[in-house]
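Per-entry structural report
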Amino acid sequence: LGMLAFIFDLTNGYDTTSLSFLINGIVFCICMVEYNVFESLEVVKEYMIDSIDEGIIAVQEDNDEIFYYNDVAQKIYPELNVTGIRTLGDLSFNPRIEDQVLSNRRIYDVSSKEIIIRNRKRGDILFLKDVTDSVKTSLSLQSEVNKKERDILRIQKSVIMSLADMVEARDGYTGSHIKNTKHYVKIIVDALKMDGKYKDNFDTETAGIIVNASPLHDIGKISVADTILSKKGTLTEEEFNIMKKHTVDGANIITSSLKQVETEKYINIAKNIALYHHEKWDGTGYPEGLSEEDIPLAARIMAVADVYDALTSKR
């Protein structure tokens, strides 16, 4: 209005621009006060922060003193309303040092963001995100996976024992050789685990594999003809040479048939048992004539169990 008055020469040539700006400023301030504009902005800011589903705690840089928290944070930490709670250290679970916080049977992941003002860190904002449902889902899925793994392991053991039993039946055993040798192998493994010389060779996994793979030691006999396998008398040299091949055939069968269902460690131990359990300490065994500690330990254990059962059984 002042500028219009000046333009139409209603002010006798007096420039009213400065006065107009002053009046506008006063009117603007009156409006801000009259309509509570500053308070409205604060309300909007508080509403936006409180509508976030994460807990928010803001702390000073020097002493971790809490200078702000939202409603969600208050639900996670009811003690925030208690007089005397001033720093993160006063809380039941310090989110500064915990990756997760447990409150009211809910799980919260903790993350933080630095407060930087004029290139200087002034504090941190801590965010507490409710991850209870996702954790429960993850645990449920893991439980299902564990069940599937147990089912697969049970099926694998069943298949292995079925193969071993089939070979045992063809070999004319009474049906107890596989069970006996597995039992003896476990006794030997448990004893060696206590021995100072061998204790480093037997972690829980290795010991379990040796015991569980022992029924496969003669799996290669599945490829030997019945006329040789079931012969009542002494084998000829040619027949014995064919029989000796069951060690190599067994190793090949294990490698080819188990590679899709067993670990590399299991296959290696089972293969060594099948391939070398007829080697002898003095080097007169087969198929490679290995001697002493050149024979894999699992095969030496199997050899002792196998021979002991043969000597103590009616065959």
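Here the residue numbers are simple positions, counted from 1 along each chain's written sequence. Given that the model is predicted, a residue must reach a pLDDT of at least 70 before its local features are reported, and side-chain atom pairs must reach 80 or more before they are shown or counted; all residues, however, enter totals for whole chains, interfaces and linings. Side-chain measures were taken over the full set of non-hydrogen atoms in the model, leaving aside hydrogen atoms and water.

Comments concerning the pairing of strand S2 (residues 66–69)
Two strands make a pair as long as DSSP finds a minimum of two bridges between them. Comment: elements are numbered from the N terminus, with helices defined as DSSP H or I runs of at least four residues and strands as E runs of at least two. One ladder, built from 3 bridges, connects strand S1 (residues 55–60) with S2; its direction is antiparallel. Bridging from a neighbouring strand, Ala58 pairs with Tyr68 of S2. Once S1 ends, the chain turns through 5 residues before running back antiparallel as S2, passing Asp64 with a positive phi of about 60 degrees.

A word on the pattern of salt bridges
Just to be clear on terms, a salt bridge is a Lys or Arg side-chain nitrogen sitting within 4 Å of an Asp or Glu carboxyl oxygen. For the structure on display, the rule yields 12 salt bridges. Asp130 serves as the salt-bridge partner of Arg106, at 3.1 Å between the closest nitrogen and oxygen. Separated by 24 residues along the polypeptide, Arg106 in strand S4 (residues 106–117) and Asp130 in strand S5 (residues 120–130) bring together distant segments of the chain. Among the salt bridges present, the one from Asp124 reaches Lys121, with a minimum N-O distance of 3.3 Å. In this scheme, a residue with accessible area under 20% of its type's maximum is buried, one over 50% is exposed, and one in between is partly exposed, where area comes from a 1.4 Å probe on protein chains only. Here Asp124 falls in the buried class, since its relative accessible area comes to 3%. Given a relative accessible area of 28%, Lys121 falls into the partly exposed group. One network of salt bridges, in which partners are shared, links Glu61, Glu114, Lys121 and Asp124.

Some details on the packing of helix H11 (residues 264–276) against helix H12 (residues 297–311)
Axis definition: a line fitted to C-alpha atoms, over the contacting stretch in the case of helices. Angles run 0 to 180 degrees between N-to-C directions. H12 packs onto H11 with a crossing angle of 50 degrees between their chain directions and a minimal axis gap of 8 Å. Taken as axis vectors, H11 and H12 run oblique relative to one another. Between H11 and H12 lies a crossing of right-handed hand. Along the contact surface, H11 presents Ile269, Asn272, Ile273 and Tyr276, while H12 presents Ala298, Ala299 and Met302. Ten residues, namely Ala, Val, Leu, Ile, Met, Phe, Trp, Tyr, Cys and Pro, are considered nonpolar, four, namely Asp, Glu, Lys and Arg, are considered charged, and the remaining ones, Gly among them, are considered polar. For the contact of H11 with H12, the residue count by class is 6 nonpolar, 1 polar and no charged. Any angle from 65 to 115 degrees is called roughly perpendicular, while one under 35 is roughly parallel, one over 145 is roughly antiparallel, and all others are oblique. Take the far helix as your reference; a near helix turned counterclockwise from it by less than a right angle gives a left-handed crossing, and one turned clockwise gives a right-handed crossing. Pairs of residues are marked as contacts when any of their non-hydrogen atoms sit within 4.5 Å.

Some remarks on the confidence of the model for the protein chain
Per-residue confidence for the protein chain gives a mean pLDDT of 80; residues scoring 70 or more make up 79%. For the protein chain, helix H3 (residues 37–50) is the element with the lowest average pLDDT, namely 49, and H12 is the one with the highest, namely 95. Residue-level confidence of the predictor is what pLDDT reports, using numbers from 0 through 100. In this model residues 37–41 is a low-confidence stretch, pLDDT under 50, and it forms 4 contacts with partners more than four residues away in sequence or in other chains.

Considering the side chain of Thr247
Along the chain, Thr247 falls in helix H10 (residues 246–258). For Thr247, a relative accessible area of 0% gives the class buried. Those residues in contact with Thr247, other than ones at most four positions away along the chain, are Ala274, Leu275, His277, His278, Tyr286 and Pro287.

Here we look at the environment of Lys199
Of note, Lys199 is situated in the loop between helix H6 (177–194) and helix H7 (204–213). Sequence spacing of Lys199 and Val189 is 10 residues, and the spatial spacing of their C-alpha atoms is 9.7 Å.

Regarding the sheet that holds S4
Across a sheet, paired strands are connected by hydrogen bonds in the backbone, their directions being either parallel or antiparallel. One open sheet holds the 5 strands; their spatial order is S2-S1-S5-S4-S3, and the pairing between them is antiparallel. Where the open sheet ends on each side, the last strands, each with one partner, are S2 and strand S3 (100–103). On average, adjacent strands in this sheet sit at an angle of 30 degrees to one another, irrespective of strand direction. Two elements, S1 and S5, share 6 bridges in a ladder whose sense is antiparallel. Across the sheet, the residue bridging to Gly55 is Leu128, located in S5.

A short note on the packing of aromatic side chains
Within 6.5 Å between ring centres, the rings of Phe, Tyr and Trp (the latter by its six-membered ring) count as paired, and their orientation is classed by plane angle as stacked under 30 degrees, edge-to-face over 60, tilted in between. What the rule picks out here adds up to 2 aromatic pairs. When the centroid spacing of 5.1 Å and the interplanar angle of 85 degrees are considered together, the rings of Tyr184 and Tyr308 count as edge-to-face. Of this pair, Tyr184 sits in helix H6 while Tyr308 sits in helix H12, and the two are 124 residues apart along the sequence. On the basis of relative accessible area, Tyr308 is assigned to the partly exposed category, the value being 44%. With 5.9 Å between their ring centres and 85 degrees between their planes, Phe240 and Tyr286 make a pair best called edge-to-face. With Phe240 in helix H9 (residues 237–244) and Tyr286 in the loop between H11 and H12, the pair connects residues that are 46 residues apart, well separated along the chain. A relative accessible area of 37% places Phe240 in the partly exposed class. Residue Tyr286 is classed as buried on the basis of its relative accessible area, which comes to 14%.

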